[in-house]
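Understanding the architecture of this molecule
What follows is the residue order along each chain.
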Amino acid sequence: MTYQLDEMDCGPSCLVMIAKYYGKEFSLSFFRESSFITKNGVSLLGISQAAQTIGFETISAKLTLDKLKEKEVELPCILHWNQAHFLVLYKIKKSRLLKKTYYYLADPAHGFIKIDEEDFCKGWIASSMKGIALYLTPGNSFFKQKEIKEQNNFSYLLNYIKPFKWQMTKIFATLFLGSLLTLAFPFLTENLVDKGIKAKNINLVTLILLAQLFLFFGQTIVEIIRNRILLYVGSKININIIADFFGKLMSMPLKYFDAKRIGDLTQRIQDHKRIENFLTSQSVQILFSLINFSVFFAVLAYYKWSLLLVYTCITLLSILWVLYFQRQRKILDYNRFDLLADNQSTTYELVTGMQEIKLNNFEEYKKNQWKELQEKLLKINVKVLNLDQFQLSGYDFLNSLKNIVVTFIVAQNVIDNNLTLGSMLSVSYIIGEMNSPINQLITFFRSLQDAKLSFSRLNEIHNFKVNENQIPYLSTKKYMINDKIDGILLNDISFQYEGPKSEYVLQKINHFIPANKITAIVGSSGSGKTTLLKILLKHYDVTEGEIFVNGKNLKDTKLEEWRNEYGVVMQDGFIFSETIERNIATSDVEIDSEKLENAIKIANLSDFINSLPLGLKTKIGSSGSGISGGQKQRILIARAVYRNPKYLFFDEATSSLDAENERIIMENLNVFFEDKTVLIVAHRLSTVKNADQIIVLKNGKIIEIGTHKELVNKKADYFNLVKNQLELGI
């Protein structure tokens, strides 16, 4: 069974399971990448393409239930479930006794499921009494494929412990010292009863009790020291792990985040905490417990071998009882992760989207949606609680049974004069001390499982191979151009979001964007304008074709170097929870006051900043809360201007500005644009009419090129796009 790590992973998880069924192991991340997963999930076409890359022959079909039963010999197959999910159907079985047909499903979100025909139809049949199924048959090339296994290597986590060798040495020293102190207690107890109380030697009793008091005091001091060291080491390790996690995230290509929800990523931060807890507290605690257990195991053997045998048998039975339920805990943990990720995303949406929710009378619906999610969380938490209670109650029962049986055997030996009363108390103390390590061992098993589950989710990020210059598929031609030509050459550029069989978003784009000129791109919504801009920003790799900047292939330019060359204003640009000056001068540790003043002037921000009591030191909210859309856009423009780059890319950069502000800013920008290569994506005529050239896109193709005057005189698509705007002087 392969469980999905994120809500969008159901399709790739199904492919992992079917490949395993036919004897080959491929990682989830491999299928995730090859199926072109997006934030909306994965399509049936994407799953089919991913399967074909490893040698499967695929057939998708819309079938009636009877047709599905006829094709039982071709199982397993992938089903489209509830029109929003994918799972594997691996068996159909008819019960002669109950006269019912049962369907056996492997659901990446919930595990193995067995349901009757009525429930199956509710989930699978979508319309016209038919449901969608994808059948996969391994071809000859499938069995020749080299396996791509998930790299679940815990060893790199040990690198986080290495810097704390001295602290860990102290911890082990305190563990050893604590074990020695604990070892003395059973022998002191035996001597207290047999040589002190029975012999009525009050001096010896006093001496032994004082020894126990000092030993207890010593244990307390040792434990305090150990806990302080553990807190320090644990906190430092957690900081380093999460810092590396954020570092890895920041190295990811931007397209990676197109398929991720906020909740999926924030939940992984909680996963780091579970791993840190396992690496420090649990691992050290179990080591301490095992040392103590080994010591008392030997002492118990010294007193009575038969007692040790009984104790060991019942203890093993209790441990097996706990391990039996670990698989169910694993399934519930996956389910709870998905719901918690949903909860994180929903809560974030409720807070950040409150204005739109209230303006559109959306409150009741969103509130009920949130309540439904909480009900689901409650149900899964109740299941977790029930499982934990059943698991731990059974363990506690067996533990109590063990104590009773051992106590009975010891008492019988005292009555038969095989053991002294002091020995009986000593054995009772030893049993109590041995129970504690067993309890710690059970906690360790549960923590280990939690850490492994968390690690598998984090592995997807840590094992991600960052290669932002990689062309994902289809070979490209090499073009020879004059390397003395300054500008950006788009040579046969084509792009698809979901693989080679999906629809083209851009197709055969051939154009030259000259240096030190203003080029505008216009077109109706969905024409591919923003996609083309993101390709130039190296947000996406082209599917076909090449991009040359001043004669150099863009894919050979390091991403960091290219980003240092340009400034950008996106229509969904982000405002940080920082001061205004820090939101403008994002990349400089020391802010250049002259550059800052110039950026503020060009973006026409002076009056706004001067009206604030703290001026540039005014802190604005995350995502721009507390400021208007126009003020947000002016800050974003100032941010791009502050960098004073060679290239400027604007995507609807003035769409939220009023006419007066737009006029002033565009006049300022036109001066700033001198000696810069500028690409502007916009709808407004006032933004593009002064461009040196205007490109008109339609359905991913260039249909017109020219100046504003030339295109207006043609009275074609450009003319139709702008004829209703008031500024059009014709």
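Criteria and thresholds
- Residues numbered from 1 in each chain as written.
- Predicted model: local features only at pLDDT ≥ 70, side-chain atom pairs only at ≥ 80, totals over all residues.
- Heavy atoms only, no water.
- Helix = DSSP H or I, 4+ residues; strand = E, 2+ residues; numbered from the N terminus.
- Areas by Shrake-Rupley, 256 points an atom, 1.4 Å probe, with all protein chains shown as cover.
- Phe/Tyr/Trp six-rings, centres within 6.5 Å; stacked < 30°, edge-to-face > 60°.
- Buried < 20%, exposed > 50% of the residue type's maximum accessible area, 1.4 Å probe, protein only.
- Lys NZ or Arg CZ within 6 Å of the ring centre and 35° of its normal.
- Pairing = 2+ DSSP bridges.
- Axes fitted to C-alpha atoms, helices over the stretch in contact; angles between N-to-C directions.
- Contact = heavy atoms within 4.5 Å.
- Disulfide = S-S within 2.5 Å.
- Salt bridge = Lys/Arg side-chain N within 4 Å of Asp/Glu carboxyl O.
- Arc of directions from axis to C-beta.
- UniProt positions renumbered as here; feature names shortened; annotations may be inferred.
- Parallel < 35°, antiparallel > 145°, perpendicular 65-115°, else oblique.
- Left-handed = near helix turned anticlockwise from the far one by under 90°.
- Nonpolar A, V, L, I, M, F, W, Y, C, P; charged D, E, K, R; others polar.
- Expected span 1.5 Å × (residues − 1).
- Polar contact = N/O pair within 3.5 Å; in protein donor to acceptor, adjacent residues only side chain to side chain.
- Core = buried A, V, L, I, M, F, W, Y, C linked by side-chain atoms within 4.5 Å.

**What to know about the overall build of the protein**
From N to C terminus, the protein includes 23 helices and 16 strands. For the protein, the accessible surface area stands at approximately 37400 Å², while carbon and sulfur atoms represent 56% of it.

**Comments concerning the packing of aromatic side chains**
Counted according to the given criterion, the structure contains 27 aromatic pairs. Centroid distance Y21 to Y22: 5.0 Å. Interplanar angle 85°. Geometry classified as edge-to-face. Its relative accessible area of 54% is what places Y21 among the exposed residues. In this structure an aromatic cluster arises from ring pairing among Y21, Y22, F56, F142 and F143. Sitting over the face of the ring of Y135, K71 holds its NZ or CZ atom 4.7 Å from the ring centroid.

**Describing the sheet that holds strand β1 (residues 56-63)**
Reading across the sheet, the six strands line up as β1-β6-β2-β3-β4-β5 and stay open at both edges, with antiparallel pairing between neighbours. The sheet is open, and its two edges are formed by β1 and β5 (111-116), each paired on a single side. With strand direction ignored, the average angle separating the axes of adjacent strands in the sheet is 30°. Relative to strand β3 (residues 85-95), strand β2 (residues 77-81) runs antiparallel, the two sharing five bridges. Its bridge partner lying in β3, W81 is registered against H85. Taken strand by strand, helix α1 (residues 10-21) contacts β1, β2, β3, β4 (100-107) and β6 (131-138), and its axis lies near 50° from that of β3. Lying on the sheet, helix α5 (residues 117-124) is in contact with β1, β2, β3, β4, β5 and β6; it crosses β2 at an angle near 70°.

**What about the state of the cysteines?**
Under the counting rule described, the total for this entry stands at zero disulfides. Unpaired in this structure, C14 has its nearest cysteine sulfur neighbour in C10, at a distance of 6.3 Å. Judged by relative accessible area, which is 0%, C14 ranks as buried. The thiol of C77 is not disulfide-bonded; the next cysteine sulfur, from C14, is found 9.9 Å away. Judged by relative accessible area, C77 falls into the buried class, the value being 0%.

**Concerning the pattern of salt bridges**
Scanning the model with the defined rule gives 12 salt bridges in all. Residue K698 is joined to D717 by a salt bridge in which the shortest nitrogen-to-oxygen separation is 3.4 Å. Taken together, the residues span a long stretch of sequence, with K698 in strand β15 (residues 693-698) and D717 in helix α23 (residues 717-722) at a distance of 19 residues. The network of salt bridges with common partners includes E660, R663 and E667.

**Notes on helix α17 (residues 593-602)**
For α17, the complete set of buried residues consists of L596, A599, I600 and I602. Projected onto a plane normal to the axis of α17, the buried residues spread over an arc of 165° and lie on a single side. Structural note: α17 exposes S593, E594, E597 and K601 on the side pointing more than 90 degrees away from its buried face. Residues of α17 that are buried sit in contact with α16 (580-584), α18 (606-610), α19 (629-642) and α20 (659-672).

**Considering the sheet that holds strand β12 (residues 566-569)**
Across the sheet, six strands lie side by side as β12-β13-β14-β9-β15-β16; this open sheet has mixed pairing. Edge strands, defined here as strands with exactly one partner in the open sheet, are β12 and β16 (701-706). Geometrically, the sheet is characterised by an average inter-axis angle of 15° between neighbouring strands, direction not taken into account. Examined bridge by bridge, strand β9 (residues 518-522) and β15 share four bridges and lie parallel to one another. Looking across to β15, one finds that A520 is bridged to I694. Here helix α14 (residues 529-536) sits on the sheet and contacts β9, β13 (647-651), β14 (677-681) and β15; the angle it forms with β13, its principal contact strand, is near 150°.

**Let's talk about the UniProt feature "transmembrane region" (unreviewed entry) in the protein**
Here the UniProt-annotated "transmembrane region" (unreviewed entry) positions come out as residues 171-189, 201-222, 283-302 and 308-326. Taken end to end, residues 201-222 is 95% helix and 0% strand, and its two terminal C-alpha atoms sit 32 Å from one another. The span residues 308-326 is 95% helical and 0% strand by assignment, and the distance between its end C-alpha atoms comes to 27 Å.

**Structural notes on the packing of α17 against α19**
With their axes 8 Å apart at the nearest point, α17 and α19 run at an angle of 135° to one another. One finds that α17 runs oblique with respect to α19. α17 and α19 meet at a crossing whose hand is right-handed. Counting all contacts with α17, which are made through K595, L596, N598, A599 and I602, the residues of α19 involved are A638, V641 and Y642. Its residues assigned to classes, the contact of α17 with α19 comprises six nonpolar, one polar and one charged.

**Quick look at α20**
Taking 1.5 Å of rise per residue, the 14 residues of α20 would be expected to cover 20 Å, and the 20 Å separating its terminal C-alpha atoms lies within 8% of that figure. Looking at the packing, one finds that the buried side of α20 touches α17, α19, β13 and α21 (685-688). Its side-chain oxygen 3.1 Å from the backbone nitrogen of E660, D658 forms the N-cap of α20.

**Concerning the nonpolar core**
By size, the foremost hydrophobic cluster in this structure holds 47 residues, and its most contacted members are I584, L605, F650, L669, F673 and Y718. For this core, the leading source of residues is α19, giving seven residues. Discounting residues that sit within four places of it in the chain, F673 has contacts with I518, L648, F650, V678 and I680.

**Here's the deal with the environment of G499**
If you trace the backbone, G499 turns up in the loop between β7 (487-496) and β8 (504-514). Assessed through its relative accessible area of 0%, G499 is described here as buried. When the C-alpha atoms of G499 and I37 are compared, they prove to be 9.8 Å apart, with 462 residues separating the residues in sequence.

**A look at unusual backbone geometry**
Note that the residue after L75, namely P76, is joined by a cis bond; omega there is 10°. Note on placement: P76 falls in the loop between α4 (65-70) and β2. At Q83, a residue that is not glycine, the phi angle is positive and equals roughly 55°. Structurally, Q83 is set in the loop between β2 and β3. In this structure, K508 is a non-glycine residue whose phi angle is positive, near 50°.

**Regarding the pairing of β9**
β9 sits mainly inside the fold: five of its five residues count as buried. Here four bridges tie β9 to β14, and the two strands are oriented parallel to one another. Following the sheet pairing, I518 is matched in β14 by V678.

**Regarding the environment of D66**
You can see D66 is positioned in helix α4. Exposure remark for D66: the relative accessible area of 54% places this residue in the exposed category.

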